[in-house]
Amino acid sequence: MARAVVKPAGPAPKAVTQDLNRLGAALDQQLPAKVQDNLLIGTWNVRGFGGLTPKWQSGPNDTPKRDWHALACIAKVVERFDVTAIQESKRDTTALLALLEQLGPRYRVIVSDATEGTAGNAERLAYVYDSDRVQPSGLVGEIVLPPAAEEDAAGRKVEQFARTPYAAAFVRGGTDFILTTVHVLWGKGPKDRLGEVQAFADWMRKWADRPKDWNHNLLVLGDFNLDRIDDPLFAAFVSTGLWPPPDLGLVPRTIFDNDKDHHYYDQIAWFNDPTRPDLPPMLNGLTFTNRCGSLDFVPLVLTGLTKSQLSFRISDHYPLWVEFTI
């Protein structure tokens, strides 16, 4: 049985309401509304999303620093999407369950078990979805590499995924789609990530190409820890035909990004070949609207904190999103 959610006493303080109003206005300006013929998919690495201090404002001696003020801001963003893939949900599900409480009964969750091992960091992968708009269509699974995949074509040793990628199928308006989310190993450097990124891209392509499999409308999303567009990690990511919308390459991924230090960690992609515009994408019943982006929440909420302090309350990553018509 899920643990009871402990909410702070009394109504939300004025500071919380003001932050939510600013955040809501920015979301209205930057994101499409939920309408009858669209589908909004988000992904967000929410830093260390595990424990929660049951106060509106955590104090100097409270651990963790994430409180209900921060949680309400996170919920304000998540409620704008039909499905949100969340990375860094932890073994401790206090914050995840509180997020559902804050969102209300129409929002539900599908969540993996916690990954064992030091590299796994006791992380889960989760999908929070608006049950008035989408429903699970039956398929849920984790990607585990077969023994034959332990060494790639270049002779590099490819270990099992440190944090097992997690797939779930949904349906909206009669259109099925499958999301697969991942949080790629960080490691000591980019070379430590290359095997996982390549193995994931290869595995997804084989899944897409298998006849008579449950592989309709495959999309991948999550934190792939890609440093740059013009490096071997990104080349591995797109090597089997995964295509992230070009406009997503223009938006920042983390609150620490700047003009000199710009990353591409988080991605949303599907199979397509931008060098062959005459070929249709491998999507059926979903049409990308060319609307996508991230949301910079830094100037909108908890503005008295440093970016480092904010990262432990909200996140160090921005949420990323795309829109389709169905």
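Residues numbered from 1 in each chain as written. Predicted model: local features only at pLDDT ≥ 70, side-chain atom pairs only at ≥ 80, totals over all residues. Heavy atoms only, no water.

Enquirer: I'd like a description of the sheet that holds strand β5 (residues 135-142), backed by residues and values.
Expert: The six strands are arranged β5-β6-β7-β8-β10-β9 in an open sheet whose pairing can be described as mixed. In this open sheet, the two edge strands, each paired with only one partner strand, are β5 and β9 (242-243). Judged from the two bridges that link them, β9 and strand β10 (residues 266-271) form a sheet pairing that is antiparallel. Within the sheet, the bridge partner assigned to Trp-243 lies in β10 and is Trp-270. (Pairing = 2+ DSSP bridges. Helix = DSSP H or I, 4+ residues; strand = E, 2+ residues; numbered from the N terminus.)

Enquirer: Describe in detail the nonpolar core, supporting the description with residues and values.
Expert: As a rule of thumb, soluble globular proteins bury nonpolar side chains together. If you look at the biggest cluster of nonpolar residues, it comprises 43 residues, and the most contacted ones within it are Leu-23, Phe-49, Leu-99, Val-128, Phe-297 and Ile-314. Sorting the residues of this core by element identifies α1 (14-30), β1 (38-49), α2 (68-78), α3 (94-103) and β4 (123-130) as the ones contributing at least two each. With nine residues, the single largest contributor to this core is α2. The residues touching Leu-99, leaving out its near neighbours within four places in the chain, are Phe-49, Leu-71, Ile-74, Ala-75, Ile-86 and Val-128. Grouped together as the second largest cluster of nonpolar side chains are 28 residues, Val-83, Ile-110, Leu-283 and Phe-324 included. (Core = buried A, V, L, I, M, F, W, Y, C linked by side-chain atoms within 4.5 Å. Buried < 20%, exposed > 50% of the residue type's maximum accessible area, 1.4 Å probe, protein only. Contact = heavy atoms within 4.5 Å.)

Enquirer: Could you give an account of the pattern of salt bridges, naming the residues involved and the relevant values?
Expert: Scanning the model with the defined rule gives 13 salt bridges in all. A salt bridge links Arg-205 to Asp-209, with the nearest nitrogen and oxygen atoms 3.2 Å apart. Residue Arg-205 and its partner Asp-209 are both found in helix α4 (residues 190-209); the two are separated by four residues, about one turn of the helix. In this structure, the salt-bridge partner of Arg-210 is Asp-213, at a minimum N-O distance of 2.9 Å. Through salt bridges with shared partners, a single ionic network connects Lys-34, Arg-106, Asp-130 and Asp-132. (Salt bridge = Lys/Arg side-chain N within 4 Å of Asp/Glu carboxyl O.)

Enquirer: I'd like a rundown of the packing of aromatic side chains, residues and numbers included.
Expert: This structure, assessed with the given rule, holds 16 aromatic pairs. Note on Tyr-127 and Phe-170: the rings are 5.8 Å apart at their centroids and 70 degrees apart in plane angle, and the pair reads as edge-to-face. Taken together, the positions of Tyr-127 in strand β4 and Phe-170 in strand β6 (residues 166-172) put the pair 43 residues apart, joining distant regions of the chain. You'll find Tyr-127 and Phe-170 in the same group, each marked buried. (Phe/Tyr/Trp six-rings, centres within 6.5 Å; stacked < 30°, edge-to-face > 60°.)

Enquirer: Explain unusual backbone geometry to me, and be specific about the residues and the numbers.
Expert: Look at the link from Thr-63 to Pro-64: it is a cis peptide, with omega at 0 degrees. With phi around 55 degrees, Ala-122 is a residue other than glycine that occupies positive phi space. A relative accessible area of 22% places Ala-122 in the partly exposed class.

Enquirer: Can you explain α2? Please cite residues and give values.
Expert: Judged by how many residues are buried, α2 sits mostly within the fold: ten of eleven residues are covered. Within α2, burial applies to Trp-68, His-69, Ala-70, Leu-71, Ala-72, Cys-73, Ile-74, Ala-75, Val-77 and Val-78. Its side-chain oxygen placed 3.2 Å from the backbone nitrogen of His-69, Asp-67 serves as the N-cap of α2. (Polar contact = N/O pair within 3.5 Å; in protein donor to acceptor, adjacent residues only side chain to side chain.)

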